Every structure is written in C-alpha cells, then in structure tokens.
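Next come the chains, spelled out residue by residue.
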Amino acid sequence: MIKNTNNNINAYEIIENNEGEMMVMLYAHPNTPQNPTFHLNEKNKCLELNRNAEQKIIIQDITADNVEKIKKQNNLYVCELTYSKDENEESEIVHAYIVPLDKK
C-alpha cells in the first residue's frame, strides 16, 4: 500500500512487478478517469496524469531510478485507492486502469 506517514491525500507510490511493468498507486480523486494519459517530465522528475479533460495530477519527486524505468514503458498501470486519515482502516480500490505514456 501507499507509504503515507503524513496523512497526505497527495501521497503516491510507484511499484514494479516481476515483468518490469510499472504501477502508480495514489488516492482516488473525484470523478471517473476518461481517456487518461501520462506525460513524463524527465527534467523535473515528475509525471503528469491527465485523468480527464479538466483534471491533471502532478506526481512529483520521482526517483532517478524510477524515471529511467518509466522511460522504457509504453503504458503505466494506475490504482486509485480510498483515502482515510485512520491508519487502521484498509484502503479499497476505487479505480484501476492502464494509461498510455506520452514520450514527446
């Protein structure tokens, strides 16, 4: 699960599975994703997730190692989880989807 030590709804985690596929885990945002896209900004070490026409989420401070791994991907998996300030409450999956990575 997301390492969220500061009860921060903007927390995220990037994980890699055994096949080298990358997943971004973050807390669910309002509305349903529609035609989402990712843009990797290598210079600023961030990902821009465009969930729909009106909503962009910036995922900042990505490690250099993860930037290099993400550059090799065509798509990223996204898992959006419920958010609670109660550390003992289990998160549930709200949205899970695959997003193409814009490499322009």
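About the cut-offs
- Residues numbered from 1 in each chain as written.
- Predicted model: local features only at pLDDT ≥ 70, side-chain atom pairs only at ≥ 80, totals over all residues.
- Heavy atoms only, no water.
- Phe/Tyr/Trp six-rings, centres within 6.5 Å; stacked < 30°, edge-to-face > 60°.
- Helix = DSSP H or I, 4+ residues; strand = E, 2+ residues; numbered from the N terminus.
- Buried < 20%, exposed > 50% of the residue type's maximum accessible area, 1.4 Å probe, protein only.
- Pairing = 2+ DSSP bridges.
- Axes fitted to C-alpha atoms, helices over the stretch in contact; angles between N-to-C directions.
- Patch = residues over 30% accessible without salt bridge, like charges linked within 9 Å, V, L, I, M, F, W, Y side chains within 5 Å.
- Areas by Shrake-Rupley, 256 points an atom, 1.4 Å probe, with all protein chains shown as cover.
- Salt bridge = Lys/Arg side-chain N within 4 Å of Asp/Glu carboxyl O.
- Lys, Arg positive; Asp, Glu negative; His and termini not counted.
- Charge placed at Lys NZ, Arg CZ, Asp CG, Glu CD.

A. Structural context of the packing of aromatic side chains. Counted according to the given criterion, the structure contains 1 aromatic pair. Centroid distance Tyr27 to Tyr83: 5.0 Å. Interplanar angle 80°. Geometry classified as edge-to-face. Of this pair, Tyr27 sits in strand β2 (residues 22–27) while Tyr83 sits in the loop between β6 (75–81) and β7 (93–102), and the two are 56 residues apart along the sequence. A relative accessible area of 25% places Tyr83 in the partly exposed class.

B. Inspection of the pairing of strand β5 (residues 55–59) at higher detail. In β5, alternate side chains face the same way, and those of Gln55, Ile57 and Ile59 are buried while those of Lys56 and Ile58 on the opposite face are not. Judged from the 5 bridges that link them, strand β4 (residues 46–52) and β5 form a sheet pairing that is antiparallel. By the bridge assignment for β5, Asn52 is matched with Gln55.

C. View of the sheet that holds β5. The 7 strands lie next to each other as β1-β2-β6-β7-β3-β4-β5, forming an open sheet whose pairing is mixed. The open sheet terminates on both sides in strands that have one partner only, identified here as β1 (12–16) and β5. Between one strand axis and the next, the sheet turns through 30° on average, direction left out of account. Summarising the sheet, strand β3 (residues 37–41) and β4 pair through 5 bridges and their orientation is antiparallel. Note that in β4 the partner of Leu40 across the bridge is Leu47.

D. Spatial organisation of a negative patch on the surface. A contiguous patch of negative charge on the surface is contributed by Asp86, Glu87, Glu89, Glu90 and Glu92. Note on placement: Asp86 falls in the loop between β6 and β7. Residue Asp86 is classed as partly exposed on the basis of its relative accessible area, which comes to 38%.

E. Summary view of the pattern of salt bridges. Overall, the coordinates contain 6 salt bridges when judged by the stated rule. Salt-bridge contacts for Glu16 lead to Lys69; the nearest nitrogen and oxygen are separated by 2.9 Å. Taken together, the residues Glu16 in strand β1 and Lys69 in helix α1 (residues 64–71) connect sequence positions 53 residues apart. Glu48 is the partner of Lys56 in a salt bridge, and the nearest nitrogen-oxygen pair spans 3.9 Å. Using a relative accessible area of 18% as the deciding quantity, one classes Glu48 as buried. The structure contains a network of salt bridges with shared partners spanning Glu16, Asp65 and Lys69.

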